[in-house]
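What the coordinates show
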Amino acid sequence: MKDTFSHVRHWVFDLDNTLYPPEMRLFDQIEKRMTSYVMNSLNVTADQAQDLRVSYWKTYGTTLAGLMANHDLDPVPFLEDVHDISFDVLSPDAELRAQIAALPGRKIIYTNGTRPYAERVIEARGLDGLFEAIYGVEHAGYAPKPERSAFEKVFALDGTETTTAAMFEDDVRNLQVPHAMGMKTVLVAEEPTDLDHIHHHTNDLAAFLSKLV
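Reading the values: rules and limits
Residues numbered from 1 in each chain as written. Predicted model: local features only at pLDDT ≥ 70, side-chain atom pairs only at ≥ 80, totals over all residues. Heavy atoms only, no water. Helix = DSSP H or I, 4+ residues; strand = E, 2+ residues; numbered from the N terminus. Rg over C-alpha atoms; globule rule 2.2 N^0.38 Å. Buried < 20%, exposed > 50% of the residue type's maximum accessible area, 1.4 Å probe, protein only. Areas by Shrake-Rupley, 256 points an atom, 1.4 Å probe, with all protein chains shown as cover. Lys, Arg positive; Asp, Glu negative; His and termini not counted. Charge placed at Lys NZ, Arg CZ, Asp CG, Glu CD. Salt bridge = Lys/Arg side-chain N within 4 Å of Asp/Glu carboxyl O. Axes fitted to C-alpha atoms, helices over the stretch in contact; angles between N-to-C directions. Parallel < 35°, antiparallel > 145°, perpendicular 65-115°, else oblique. Left-handed = near helix turned anticlockwise from the far one by under 90°. Contact = heavy atoms within 4.5 Å. Nonpolar A, V, L, I, M, F, W, Y, C, P; charged D, E, K, R; others polar. Arc of directions from axis to C-beta. Polar contact = N/O pair within 3.5 Å; in protein donor to acceptor, adjacent residues only side chain to side chain. Pairing = 2+ DSSP bridges.

Across its full length, the chain holds nine helices and six strands. Taking 2.2 N^0.38 as the reference for a compact globule, 213 residues should give roughly 17 Å; the C-alpha atoms of the chain span a radius of gyration of 17 Å, in line with that estimate. Referenced to the eigenvectors of the C-alpha coordinate spread, the extents of the chain come out at roughly 55 × 35 × 30 Å. Of all 213 residues assigned to the chain, the portion counted as buried reaches 48%. Working note: accessible area of the chain is about 9900 Å², and carbon and sulfur atoms make up 47% of it. Of the side-chain charges in the chain, 19 are positive and 33 negative, and the distance between the mean point of each set is 4 Å.

One pass over the structure, following the stated rule, counts nine salt bridges. Arginine 33 is the partner of aspartate 81 in a salt bridge, and the nearest nitrogen-oxygen pair spans 3.4 Å. With aspartate 81 in helix 4 (residues 75–82) and arginine 33 in helix 1 (residues 26–42), this pair connects stretches of sequence that are 48 residues apart. On the accessibility criterion, aspartate 81 (27% relative accessible area) is partly exposed.

Attention shifts here to the packing of helix 1 against helix 4. Where helix 1 meets helix 4, the axes come as close as 9 Å, and the angle between the chain directions of the two elements is 135 degrees. In this view, helix 1 runs oblique relative to helix 4, as classed from their interaxial angle. Like other packed secondary-structure pairs, helix 1 and helix 4 cross with a definite hand, here right-handed. Contacts from Ile30, Arg33, Met34 and Tyr37 in helix 1 reach Pro77, Phe78, Asp81 and Val82 in helix 4. Looking at the contact of helix 1 with helix 4, its residues break down into six nonpolar, no polar and two charged.

All right, on to helix 5 (residues 94–101) then. Where helix 5 is concerned, the buried positions are Leu96, Gln99 and Ile100. Buried residues of helix 5 fall within an arc of 100 degrees about the axis and therefore sit on the same side. Where helix 5 is buried, its residues contact strand 1 (10–13), strand 2 (106–110) and helix 9 (205–210). Structurally, the start of helix 5 carries an N-cap: the backbone nitrogen of glutamate 95 is 3.3 Å from a side-chain oxygen of aspartate 93.

Judged by how many residues are buried, strand 5 (residues 184–188) sits mostly within the fold: four of five residues are covered. Relative to strand 5, strand 4 (residues 165–169) runs parallel, the two being bridged by four bridges. Considered in strand 5, the bridge of phenylalanine 168 is made with valine 186. Of the pairings in the sheet, the one linking strand 5 to strand 6 (residues 200–202) comprises three bridges and is parallel in character.

This is the structure we're talking about:
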């Protein structure tokens, strides 16, 4: 497998449920705050807000994108509110830090969250100082992955050469465009998939990376 990544010099990492394991349940807090925000903003019940949150995520890629498209929601206060959470559930991962540090080339984070939120996550995980840049949804004009325009904006901003790049991501939808752009794709999730745009799968990111250097 090492040989299949020998050309990679741009390493792109998603954040949530990728740079920390999903069993840490950090994103649960965000989902609860999103539901509450939808309730208060649209004056709907908890059940209605939950249904809208999930429906917009499925249709638009993020709840925020659906709220912006259908309700002209201001993204800035929404993002500030939903990321106002506790990071105590996260713990440092020395092995993951060592494996990311050993990768040759440029390493960045690209998340549908925000850069300030990502900075707090990687600090809690002991991964701060490893990445040359962190890009959030704000850097794509609030267009989310999996939209191609979002990837194009972020990769242009960073100077990512997609033919010499790999992307690590927990959402299969968000690897379709990277695959089409010539990137190696790695699904970081509990279960594998046989979808054509997924080159590799792992449920242990540190162990996977250890095979590449």
